[in-house]
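# Observations on chain architecture
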Amino acid sequence: MSHPPQRRRLGLFNFTEYPARASLDALGGNYRTADGQSIWLADVELEPYQALLVRR
């Protein structure tokens, strides 16, 4: 019996008044934003007070 592929959801949050960067390349895989755009987690920039939700 094979198992379905694991789904992963992540939330990135910037609670500051300054732009912030995140480098999550260790997670690997293909991620998409809520509106379906492909995103590379190795280099993410968040605007002040921005939240970014992604799923695999």
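Heads up: these notes are all about the structure in this document. (Residues numbered from 1 in each chain as written. Predicted model: local features only at pLDDT ≥ 70, side-chain atom pairs only at ≥ 80, totals over all residues. Heavy atoms only, no water.)

### Focus on the overall build of the protein chain
Worth spelling out the cut-off: Numbering of helices and strands runs from the N terminus; a helix is a DSSP stretch of H or I covering at least four residues, while a strand is a stretch of E covering at least two. Note on exposure labels: buried denotes an accessible area under 20% of the residue type's maximum, exposed denotes more than 50%, and partly exposed covers the range between, all computed with a 1.4 Å probe on protein chains only. Should any heavy atoms of two residues lie within 4.5 Å, those residues are considered in contact. Areas reported as accessible are Shrake-Rupley estimates using a 1.4 Å probe. Residue values count occlusion only from the protein chains shown.
In terms of regular secondary structure, the protein chain is built from zero helices and six strands. Relative to its 56 residues, the protein chain shows a buried fraction of 20%. Considering only residue pairs separated by 6 or more positions, the protein chain has 55% of its internal contacts joining residues 24 or more positions apart. Looking at the protein chain as shown, the accessible area adds up to about 4,600 Å², and 52% of this sits on carbon and sulfur atoms.

### Thoughts on the environment of Arg8
Of note, Arg8 is situated in the segment before β1 (9–13). For the pair formed by Arg8 and Arg55, sequence separation is 47 residues and the distance between their alpha carbons is 5.6 Å. Setting aside anything within four residues of it in sequence, one finds Arg8 in contact with Leu27, Tyr31, Val54, Arg55 and Arg56.

### Some points on the nonpolar core
Inclusion rule: Only buried residues count toward a nonpolar core. Its members are Ala, Val, Leu, Ile, Met, Phe, Trp, Tyr and Cys residues joined through side-chain atoms within 4.5 Å.
One finds Leu12, Tyr31, Ile39, Leu41, Val44, Leu46, Leu52 and Val54 forming the largest nonpolar core, which totals eight residues. Here Ile39 is in contact with Tyr31, Arg32, Thr33, Val44, Leu52 and Val54, once residues within four sequence places are set aside.

Remember, this is a structural readout, not a statement about activity or role.
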